[in-house]
Amino acid sequence: MVRLNEIRAGEVAVEPPPATDAGLVFIGRIRTPWTDRLGCPRQGRADGPACRIEVFPPWRDALDGVALYARLEVLYWLDRSRRDLVRQSPADDGTTRGTFSLRSPVRPNPIGTSIVTLIGVGDGVVHVRGLDCLDGTPLLDIKPDRALFTPLAPPQAGDADTGGA
Ligand code: SAM
């Protein structure tokens with residue numbers, strides 16, 4: 001599966017249905033030191049290398065306020081992944097688990113997320129540590145880390161709804 005897009009013993013692939021156009025747009029490109037999957041960390045670390053998130057021009061004004069947050073959540077498109085495995089064997093030992101119980105890049109919609117540490121923002125570039133993607137990975141979104149974020153909108157009734165009877 002993951003490492004080089006091979007299929008391992010016990011893994012199960014399916015024929016995916018035709019893609020639905022959800023209207024996703026790639027809003028930037030992520031620059032990292034990693035050009036091959038085997039050299040790329042499986043999960044980013046706060047003490048990892050500095051990486052650049054280059055935001056394309058139409059979206060740069062959307063970076064206003066980002067510098068207020070010490071940590072951000074970054075969503076990206078793991079564009080070199082296969083997308084058809086429902087069972088995977090991370091240890092390559094014949095045992096498998098379902099894709100949705102893993103953080104493997106191989107998934108029907110290969111979205112990766114990382115909580116990153118902000119180094120700085122300027123000229124349409126967000127400098128961070130904590131990524132784990134290949135150089136050139138397309139950028140989907142940037143948000144404040146939810147643990148640091150307080151909604152700016154006024155409270156609404158549903159905010160306190162616990163669903164209890
Ligand atoms: N932190 C993210 C998450 O949990 O959603 C991604 C974790 S995933 C295990 C990270 C691995 O994905 C890397 O070690 C590398 O093997 C692979 N990878 C990174 N960038 C990729 C890309 N653009 N396309 C396909 N695979 C990629």
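Residues numbered from 1 in each chain as written. Predicted model: local features only at pLDDT ≥ 70, side-chain atom pairs only at ≥ 80, totals over all residues. Heavy atoms only, no water.

Naming follows an unreviewed UniProt entry, where the chain appears as tRNA (N6-threonylcarbamoyladenosine(37)-N6)-methyltransferase TrmO of Methylobacterium terricola. Heading Sequence similarities (unreviewed entry) of the UniProt record for the chain holds this comment: "Belongs to the tRNA methyltransferase O family." (UniProt positions renumbered as here; feature names shortened; annotations may be inferred.)

**Student:** How should I be thinking about the UniProt feature "domain: TsaA-like" (unreviewed entry) in the chain in this particular structure?
**Tutor:** Per the UniProt record, the feature "domain: TsaA-like" (unreviewed entry) sits at residues 24–154. Measuring from the first to the last C-alpha atom of residues 24–154 gives 29 Å, for a span that is 0% helix and 36% strand. (Helix = DSSP H or I, 4+ residues; strand = E, 2+ residues; numbered from the N terminus.)

**Student:** What am I meant to see in the sheet that holds strand 1 (residues 12–13) here?
**Tutor:** Paired through their backbone hydrogen bonds, the strands of a sheet run either parallel or antiparallel. What the three strands build is an open sheet, ordered 1-5-6; its pairing is antiparallel. Looking at the sheet topology across the chains shown, the edges are occupied by strand 1 and strand 6 (97–98). (Pairing = 2+ DSSP bridges.)

**Student:** Sorry, what's going on with the pairing of strand 7 (residues 111–122) here?
**Tutor:** It is a general feature of regular strands that their side chains alternate between the two faces of the sheet. Pairing geometry for strand 4 (residues 71–77) and strand 7, over seven bridges, is antiparallel. Opposite Arg 71, over in strand 7, you have Thr 117 as the bridge partner. Of the strand pairs in this sheet, strand 7 and strand 8 (residues 125–129) are connected by five bridges, and their pairing is antiparallel. Bridge pairing in strand 8 links Thr 117 to Arg 129. In this structure, the hairpin formed by strand 7 and strand 8 is closed by a connection of two residues, where Asp 123 is found at a positive phi of approximately 55 degrees.

**Student:** Looking at this structure, how should I read the site of the ligand?
**Tutor:** As a matter of local geometry, the ligand sits amid 20 residues, with Pro 41, Gln 43, Asp 79, Arg 103 and Asp 132 nearest to it. One of the backbone N or O atoms of Pro 41 is found 2.8 Å from an oxygen atom in the ligand. Arg 80 places a polar main-chain atom, nitrogen or oxygen, 2.9 Å from a nitrogen atom of the ligand. Bound to the protein, the ligand loses 96% of the 600 Å² it would expose on its own. For the shell around the ligand, the element with the most residues is strand 7, which contributes three residues. Partitioning the shell around the ligand into residue classes produces seven nonpolar, six polar and seven charged. (Near = heavy atom within 4 Å. Polar contact = N/O pair within 3.5 Å; in protein donor to acceptor, adjacent residues only side chain to side chain. Areas by Shrake-Rupley, 256 points an atom, 1.4 Å probe, with all protein chains shown as cover. Nonpolar A, V, L, I, M, F, W, Y, C, P; charged D, E, K, R; others polar.)

**Student:** Which parts of the structure should I look at to understand the sheet that holds strand 9 (residues 137–144)?
**Tutor:** Strand order in this closed barrel of six strands is 2-3-8-7-4-9, and the pairing throughout is antiparallel. Along the sheet, successive strands turn relative to each other by an average axial angle of 45 degrees, direction set aside. (Axes fitted to C-alpha atoms, helices over the stretch in contact; angles between N-to-C directions.)

**Student:** What is the right way to read the packing of aromatic side chains from this model?
**Tutor:** The description of an aromatic ring pair uses the distance of the two centres, along with the angle that the planes make with each other. Considering all chains together, one arrives at two aromatic pairs under this definition. Relative to Trp 77, the ring of Phe 26 has its centre 6.4 Å away and its plane inclined at 40 degrees; by these criteria the two rings are tilted. On the criterion of sequence distance, the pair formed by Phe 26 in the loop between strand 1 and strand 2 (28–31) and Trp 77 in strand 4 is long-range, its members being 51 residues apart. Under the relative-accessibility criterion, Phe 26 is labelled partly exposed at 39%. Owing to a relative accessible area of 12%, Trp 77 belongs among the buried residues under this scheme. Seen from their ring centres, Tyr 69 and Phe 149 are 6.1 Å apart, and the 45 degrees between their planes marks the pair as tilted. You can see Tyr 69 sitting in the loop between strand 3 (51–55) and strand 4 and its partner Phe 149 sitting in the segment after strand 9, a full 80 residues away along the chain. (Phe/Tyr/Trp six-rings, centres within 6.5 Å; stacked < 30°, edge-to-face > 60°. Buried < 20%, exposed > 50% of the residue type's maximum accessible area, 1.4 Å probe, protein only.)

**Student:** How should I be thinking about the environment of Pro 90 in this particular structure?
**Tutor:** Considering the arrangement of structural elements, one finds Pro 90 in the loop between strand 5 (85–88) and strand 6. Separated by 82 residues in the primary sequence, Pro 90 and Arg 8 place their C-alpha atoms 8.9 Å from one another.

**Student:** What should I look at first to understand unusual backbone geometry in this one?
**Tutor:** Positive phi is not limited to glycine here, since Asp 92 has a value of about 55 degrees. Along the chain, Asp 92 turns up in the loop between strand 5 and strand 6. Here Asp 92 falls in the partly exposed class, since its relative accessible area comes to 47%. Of note in this structure, Asp 123 is not a glycine but carries a positive phi near 55 degrees. Considering the arrangement of structural elements, one finds Asp 123 in the loop between strand 7 and strand 8. Since its relative accessible area comes to 76%, Asp 123 is described here as exposed.

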